[in-house]
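# Notes for the structure review
Next come the chains, spelled out residue by residue.
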Amino acid sequence: MITDNFTGFYQHVSNLSISYLIYSTVGYVWILMGVPLKSIVVLGCSILSANFVYEFWVPLLNTRDLADAWYGTTGTFIGFIFLLLTKMIGIKKNDA
């Protein structure tokens, strides 16, 4: 079903996975450390920018491909949703 709706899914899914894993891992550690949400959003914007810069202006071990950048953007947005939900309802202060 995925390959029917998204041609080349398996060629681009690595960008989605890498962006998601970097953002959600670093962002989660930052949430646990008490870093403000604004800084976590700046990290997400940096990852978004890095996706497009790497895809269009750094041809090192890479072919220029807009779809890769959009898959990376999707991974970053999924990571943001995870981090936002974690920050809002997943972390509770320990009163002990």
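### Thoughts on the environment of Leu-37
In this fold, Leu-37 is placed in helix α3 (residues 37-57). We classify Leu-37 as partly exposed; its relative accessible area is 23%. Between the alpha carbons of Leu-37 and Gly-75 there is a distance of 18 Å; along the sequence they are 38 residues apart. Apart from the residues lying within four places of it in its own chain, the contact partners of Leu-37 are Leu-84, Lys-87 and Met-88.

### Considering helix α4 (residues 66-90)
With 25 residues, α4 should cover 36 Å at 1.5 Å per step; its first-to-last C-alpha distance of 34 Å lies within 8% of that length. Taken as a whole, α4 has its buried residues at Asp-68, Ala-69, Tyr-71, Gly-72, Thr-73, Gly-75, Thr-76, Gly-79, Leu-83 and Thr-86.

The rules behind each value
Residues numbered from 1 in each chain as written. Predicted model: local features only at pLDDT ≥ 70, side-chain atom pairs only at ≥ 80, totals over all residues. Heavy atoms only, no water. Helix = DSSP H or I, 4+ residues; strand = E, 2+ residues; numbered from the N terminus. Buried < 20%, exposed > 50% of the residue type's maximum accessible area, 1.4 Å probe, protein only. Contact = heavy atoms within 4.5 Å. Expected span 1.5 Å × (residues − 1).

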